[in-house]
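Inside the fold
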Amino acid sequence: MRISLQFAHRFVCIGILGLLIVLLTACGGTGASTNPTSTSNKTPSTGGSKSTSAPSAGKITEFAIPTPGSDPEGITAGRDGNLWFTEGQGNQIGRITPTGTITTFPLPTSGSDPLGITAGPDGNRWFTELAGNRIGRITPTGTITQFPVNVSYPNWITTGPDGNLWFTSYNTIVRFTPTGTITGFQLRTSNSPAGIIAGPDGNLWFTESDAQANQIGRITPTGTITEFAVPTANSAPAGIIAGPDHNLWFTEALGNLIGRITPTGTITQFPLFTPSSNPSMIATGPDGNLWFTEPGANKIGRITPGK
């Protein structure tokens with residue numbers, strides 16, 4: 001199971017989706033389009049829900065993915081009211097409804113290892129292909145287009161509150177403007193910044209997954225960085241998202257936890273009840289809950305944010 005054995009490696013070389021979109025626009029890039037064959041899980045498996053120590057938060061429901069060992073990774077909400085996620089080993093993009101029905105769309109190129117995924121400004125989902133060194137686009141109906149790129153190991157990316165694209169790279173948080181200006185902000189303690197998201201406070205928040213850091217970071221649009229230690233040692237914080245409760249929620253892949261951090265830096269942790277599920281990426285769903293992937297358990301999880 002790759003998230004525990006190769007966790008640090010997956011975040012060393014980080015791709016930049018925004019750079020790719022601009023380069024493709026500027027260069028008139030083309031991709032290989034496909035109308036993929038999709039499969040639907042009409043009767044998804046759901047795990048029993050379990051509340052954690054918080055009285056009004058932490059109810060988790062899990063849904064089994066139709067393809068065994070597919071290694072779900074990135075997840076994002078779509079404008080169609082569904083969640084979309086990547087399946088690295090399954091070489092597919094998955095779609096799950098708020099009630100748990102899963103449909104999968106195979107990639108046209110084998111061994112692509114899709115990883116990060118985000119909702120684009122054009123109404124489509126854009127995803128990275130870690131092994132294929134490509135950026136993919138999938139429409140709400142499931143049509144996939146792939147764009148080859150000169151970027152090794154493309155990874156996680158988000159749109160910032162300043163209208164720029166922000167992404168994580170080796171030891172650096174990078175800002176990319178729509179006009180093509182790139183500015184890097186080097187971290188003092190981490191070689192492996194991972195997930196990144198725009199926060200409710202007008203800043204960017206990111207995870208630092210390597211053992212010597214094990215922190216949540218905050219960077220202002222002008223580049224000032226503040227870091228907050230995660231209470232559980234070596235928990236490998238990975239994905240991060242802004243929740244509907246105006247806090248940031250993140251996964252702890254090796255700690256088997258879901259974490260919540262307030263804009264002022266207070267952290268609360270919620271344990272998962274499936275051992276070694278290695279939660280990876282997380283997204284806010286259209287139902288107001290937080291949804292996350294569990295590569296170690298081959299499941300999709302849901303946690304209620306509370307009031």
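Computed from a predicted model, the values in this text were never measured in an experiment. (Residues numbered from 1 in each chain as written. Predicted model: local features only at pLDDT ≥ 70, side-chain atom pairs only at ≥ 80, totals over all residues. Heavy atoms only, no water.)

Remarks on unusual backbone geometry
Residues apart from glycine generally show negative phi values, whereas peptide bonds are mostly found in trans. Of note, asparagine 278 is a non-glycine position whose phi angle comes to about 50°, a positive value. Examined against the element boundaries, asparagine 278 turns out to sit in the loop between β23 (267-271) and β24 (282-284). By relative accessible area, which is 7% here, asparagine 278 ends up buried. For asparagine 298, which is not glycine, the phi dihedral falls at a positive 55°. Here asparagine 298 lies in the loop between β25 (290-294) and β26 (299-303). (Helix = DSSP H or I, 4+ residues; strand = E, 2+ residues; numbered from the N terminus. Buried < 20%, exposed > 50% of the residue type's maximum accessible area, 1.4 Å probe, protein only.)

Details of the pattern of salt bridges
Considering all chains together, one arrives at two salt bridges under this definition. With a shortest N-O distance of 3.1 Å, glutamate 62 and lysine 299 are connected by a salt bridge. Here lysine 299 lies in strand β26 and glutamate 62 lies in strand β3 (residues 60-64), a separation of 237 residues in the sequence. Its salt-bridge partner being arginine 188, residue glutamate 227 comes within 3.7 Å of it at the nearest N-O pair. (Salt bridge = Lys/Arg side-chain N within 4 Å of Asp/Glu carboxyl O.)

Describing the environment of proline 98
Within the secondary structure, proline 98 sits in the loop between β6 (92-96) and β7 (102-106). Residues proline 98 and aspartate 287, 189 residues apart in the sequence, show an inter-C-alpha distance of 6.7 Å. Setting aside its immediate chain neighbours within four residues, proline 98 contacts Gly81, Asn82, Pro286, Asp287, Trp291 and Arg302. (Contact = heavy atoms within 4.5 Å.)

Here's the deal with the confidence of the model for the protein chain
For the protein chain, per-residue confidence averages 78 on the pLDDT scale, and 77% of positions sit at 70 or higher. Note that residues 1-55 has pLDDT below 50 and, in this model, 139 contacts with residues that lie over four places away or in other chains. (pLDDT = per-residue confidence, 0-100.)

Digging into the packing of aromatic side chains
Per the counting criterion, the structure on display carries four aromatic pairs. Seen from their ring centres, tryptophan 84 and phenylalanine 105 are 5.7 Å apart, and the 15° between their planes marks the pair as stacked. A residue pair is termed long-range when its members are at least 10 positions apart, and tryptophan 84 in strand β5 (residues 83-87) and phenylalanine 105 in strand β7 qualify at 21 residues. For the pair tryptophan 84 and phenylalanine 105, a shared accessibility class is recorded, and that class is buried. Geometrically, the ring pair formed by tryptophan 249 and phenylalanine 270 is stacked, given 5.5 Å between the ring centres and 15° between the ring planes. (Phe/Tyr/Trp six-rings, centres within 6.5 Å; stacked < 30°, edge-to-face > 60°.)

Brief notes about the sheet that holds β3
Strands sit in the order β3-β26-β25-β24 across an open sheet of four strands; the sheet is antiparallel. Both edges of this open sheet fall to β3 and β24, since each of them pairs with a single strand only. Sheet twist, expressed as the average angle between the axes of neighbouring strands with direction ignored, equals 25°. In the sheet, β24 pairs with β25 via three bridges, with the strands oriented antiparallel. Bridge pairing in β25 links isoleucine 282 to phenylalanine 292. (Pairing = 2+ DSSP bridges. Axes fitted to C-alpha atoms, helices over the stretch in contact; angles between N-to-C directions.)

Concerning the pairing of strand β9 (residues 125-129)
The buried count for β9 comes to five of five residues, which makes it a mostly enclosed element. By the alternation rule, side chains of β9 split into Arg125, Phe127 and Glu129 and Trp126 and Thr128, which are all buried. Where strand β8 (residues 114-119) and β9 come together, four bridges link them in antiparallel fashion. The residue of β9 that forms the bridge with proline 114 is glutamate 129. Bridge analysis of β9 against strand β10 (residues 134-138) gives five bridges, and the strand direction is antiparallel. Each residue of the ladder has a partner; that of phenylalanine 127, found in β10, is glycine 136.

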